[in-house]
Amino acid sequence: MVHDDNDRKAKAGRGSRSLDLGSLSFFVSKPWILAPGIWLAWFWLAFEYDICAPATFPGFRPLGVAFALAGAAAVFIVCGFRWQQFQALGKIRVFPYATGAIACLASWFLAMNGALNLPAWLCVLLCLFAGICSATILLLSLICFVHFTFRQAFVALHISLLACFFAFFVTLSLPTAIRPVLFAILPLLAVLTVAAELRGLQLSTWRFADTGQNASRPKRMHWDMLGCYAFLFMTVSFIRSLAFSGEGLSQVAAYSAPSAVTLITIIATGIIMAECYSFFTTSYLTYYYVFASLMVSFIAVSRAIGVTANFLLSMLEGAAGLLLCILLLCSVFAEIIVYRRHPVEAAGKTLGVAAGGCALGWILREVIGLVYPAANASVAFLVAFSFLNLAIFLFGFSPNSLQKFITGGVEEAAEPKDGMPRKPEKMTFEEAALKVSEEGGLTEREREVFLLLASGESSQKIADSLVISYHTVRAHIRNIYAKLDVHSYQEMRDKVNAVLERDESVAPDGHSH
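1. Observations regarding the nonpolar core
Among soluble globular proteins, nonpolar side chains are generally buried collectively.
Move 1: Counting residues in each nonpolar core, the largest one holds 137 residues, and the members touching the most others are F150 and L351.
Move 2: Among the elements that make up this core, the one with the highest residue count is helix α12 (residues 311-337) (19 residues).
Move 3: If you look at the next biggest cluster of nonpolar residues, it comprises 24 residues, including F429, L452, V473 and I480.

2. Some remarks on helix α7 (residues 150-173)
Move 1: If you check α7, its first and last C-alpha atoms are 35 Å apart, about what 24 residues at 1.5 Å a residue would give, namely 34 Å.
Move 2: When you tally the buried positions in α7, you get 18 out of 24 residues, the bulk of the element.

3. Description of the side chain of S386
Move 1: Assignment of secondary structure puts S386 in helix α14 (residues 375-395).
Move 2: Contact partners of S386, with chain neighbours within four places excluded, come to S297, A300 and V301.

4. Focus on the packing of aromatic side chains
Move 1: Counted under the stated rule, the structure contains 20 aromatic pairs.
Move 2: Relative to F148, the ring of F27 lies with its centre 6.3 Å away and its plane at 65°, an arrangement referred to as edge-to-face. Of this pair, F27 sits in the segment before α1 (35-47) while F148 is found in the loop between α6 (120-142) and α7, placing the two residues 121 residues apart along the sequence. For the pair formed by F27 and F148, the shared burial category is buried.
Move 3: A centroid spacing of 6.2 Å and a plane angle of 10° characterise the contact between W42 and F183, whose relative ring orientation is stacked. Placement of the pair is W42 in helix α1 and F183 in helix α8 (residues 179-199), with a sequence separation of 141 residues.

5. Some words on the packing of α1 against α8
Move 1: At a minimum axis separation of 8 Å, α1 and α8 run at an interaxial angle of 165°. On the basis of the axis angle, α1 is roughly antiparallel to α8. As α1 runs across α8, the sense of the crossing is left-handed. Note on element contacts: α8 touches α1 through F183, L186, P187, L189, A190, T193 and V194, opposite A35, I38, A41, W42, L45 and A46.
Move 2: Across the contact of α1 with α8, the residue classes tally to 12 nonpolar, 1 polar and no charged.

Quick notes on the rules
Residues numbered from 1 in each chain as written. Predicted model: local features only at pLDDT ≥ 70, side-chain atom pairs only at ≥ 80, totals over all residues. Heavy atoms only, no water. Core = buried A, V, L, I, M, F, W, Y, C linked by side-chain atoms within 4.5 Å. Buried < 20%, exposed > 50% of the residue type's maximum accessible area, 1.4 Å probe, protein only. Helix = DSSP H or I, 4+ residues; strand = E, 2+ residues; numbered from the N terminus. Expected span 1.5 Å × (residues − 1). Contact = heavy atoms within 4.5 Å. Phe/Tyr/Trp six-rings, centres within 6.5 Å; stacked < 30°, edge-to-face > 60°. Axes fitted to C-alpha atoms, helices over the stretch in contact; angles between N-to-C directions. Parallel < 35°, antiparallel > 145°, perpendicular 65-115°, else oblique. Left-handed = near helix turned anticlockwise from the far one by under 90°. Nonpolar A, V, L, I, M, F, W, Y, C, P; charged D, E, K, R; others polar.

Given below as structure tokens:
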């Protein structure tokens, strides 16, 4: 595994750290990194600030939110297991724009529902479409991070939180008549920022999870981590559903939701400054996890003993929810970057489990309310959720487990005391294959075929992965052999291995052994 700390700039001494804005210049030419933040602003406005006016029939909110989350979970899970088809759809130029346009229209109608007085069934259907399209937009946004290191993705995500802060408060600052327009445009704006990047994106490099140098890495998703996230999100959703059934929540949310966004933005600013001063460490994520997990348990107990919704409790609840979202996205980045899983598969399965947990939390609360109207039933569930969350935190997926997951089971390397750069790690097989494809002058499609072929995939599997015919794959292989001047699969592998051996024969200082 390539440590992200390897690209930290060497310092002359431990005690002297100066501000280095050059470390952020990498992100200036990549406006698409703002897309997750824009999406998060839309999500927070829709589901936390209550910008979507509720329909005029009882139970709209839990029903609408449940449909939106269930639709999003379905999209995530289907795309996670059918990532080849989603990858093919993503390359269709009109697909992202059409998705953004549908999300834009659904958001506008929901935000204007107070004036339009739409039928109840149409409101629920719009929530479903909004959930489906927003899930697709988030997937399109996350797969653009495939060529980042984990450190770059982590910092970029926190930069996007600044965009979340800006979009959130600009929307709220507008007059009530204009506010729904900007709110509705946010999903389309997220699509516009990533559209250009998607057209030139190459995903084939990330199909090496179970072959070559990555054979020791887990072939399955980290289901213990996903189960922990699902339970945490289910608890948060159960608490939110319970809170929305109370009185005066809209007034509390009007202050607590902006405060939670502000608090997370302050944390994000601190992370960005830490990057400028080269203080970056993946331990920040464990702090997020500790705060979010313990806070969710604390809030569940508080609600169980009868503490009503207030500004402080709602703000901490919102901050814990936002930190969980950041943890979830960082876990997606780790699955993609550290474990070399396909980005659509990693994002789809990880986000699908979390969204499913959210939907289950809303549905469970409503079912309990119908079957056992007395408040004692909800109190019992809150107490159970609190203790189960603590048990998972202490004995299941602990902060140490999260740290091992993020680093691939390898301890972070300490900063060299003498200020000299660390010894770079050896080139991986997929990196050598990519170098061979570049030296051979392969086209983009030939490179995709070559990387899959070099990893050990059969021609039929390559055809299925790239959604092309078997005969087209064979034609590409013939062209690849001709350009690389090889005559067999073994010769092609030998050519890649020769690049690996050449890399191993060069010392870190650039001299041969």
